[in-house]
Amino acid sequence: MKLEFSELAKLEIEDARDYYNLQQEDLGERFKEHIKESVDSIAQFPLLYPKVTDELHRVVVHKFPYSIFYILLDETIVIVSVAHQHRKPFYQC
């Protein structure tokens, strides 16, 4: 399957990485590694993770309070957002 990131998801990842790097050296890079591991798992097993709506799946990122939300469109996995679990953005379920 093809994998795509929404612009929002890309910005959320970079913002979180920058924030974590300000907190501790290389913490942001470790955050991105955990995001990559989760995305690799999504790519390998796209139907494994639970749905939070009829189309939207959710994966909890290990060691960081973030969730990855994605949808399946034909042969494409679209990462819609990477949301902090303790915040309530309008798109979170």
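The structure under discussion appears in the preceding block.
Residues numbered from 1 in each chain as written. Predicted model: local features only at pLDDT ≥ 70, side-chain atom pairs only at ≥ 80, totals over all residues. Heavy atoms only, no water.

With that settled, consider a negative patch on the surface. Negative charge collects at one region of the surface, where Glu25, Asp26, Glu29, Glu33 and Glu37 lie side by side. Following the sequence through the fold, Glu33 ends up in helix α2 (residues 27-44). Residue classification places Glu33 among the partly exposed positions, given a relative accessible area of 48%. (Patch = residues over 30% accessible without salt bridge, like charges linked within 9 Å, V, L, I, M, F, W, Y side chains within 5 Å. Areas by Shrake-Rupley, 256 points an atom, 1.4 Å probe, with all protein chains shown as cover. Salt bridge = Lys/Arg side-chain N within 4 Å of Asp/Glu carboxyl O. Lys, Arg positive; Asp, Glu negative; His and termini not counted. Charge placed at Lys NZ, Arg CZ, Asp CG, Glu CD. Helix = DSSP H or I, 4+ residues; strand = E, 2+ residues; numbered from the N terminus. Buried < 20%, exposed > 50% of the residue type's maximum accessible area, 1.4 Å probe, protein only.)

Take the packing of aromatic side chains next. Applying the stated rule across the entire model yields six aromatic pairs. An aromatic cluster is present here, built from Tyr19, Tyr20, Phe31, Phe64 and Tyr66 joined pairwise through their rings. (Phe/Tyr/Trp six-rings, centres within 6.5 Å; stacked < 30°, edge-to-face > 60°.)

Turning to its location among the elements, His57 is positioned in strand β2 (residues 57-60). Residue class for His57 comes out buried when judged on its relative accessible area of 3%. Residues in contact with His57, not counting those within four places in the same chain, are Pro46, Tyr49, Pro50, Lys51, Ile68, Phe69, Tyr70 and Leu72. (Contact = heavy atoms within 4.5 Å.)

For the pair helix α1 (residues 7-23) and α2, the least separation of the axes is 6 Å and the interaxial angle reads 145 degrees. Contacts from Ile13, Glu14, Ala16, Arg17, Tyr20, Asn21 and Gln23 in α1 reach Leu27, Gly28, Glu29, Phe31, Lys32 and Ile35 in α2. Its residues assigned to classes, the contact of α1 with α2 shows six nonpolar, three polar and four charged. (Axes fitted to C-alpha atoms, helices over the stretch in contact; angles between N-to-C directions. Nonpolar A, V, L, I, M, F, W, Y, C, P; charged D, E, K, R; others polar.)

By secondary structure assignment, the location of Met1 is in the segment before β1 (2-5). Along the sequence, Met1 and Ile77 sit 76 residues apart, while their C-alpha atoms lie 6.8 Å from each other. When near neighbours in sequence (up to four residues on either side) are disregarded, Met1 contacts Pro46, Leu72, Asp74, Glu75, Thr76 and Ile77.

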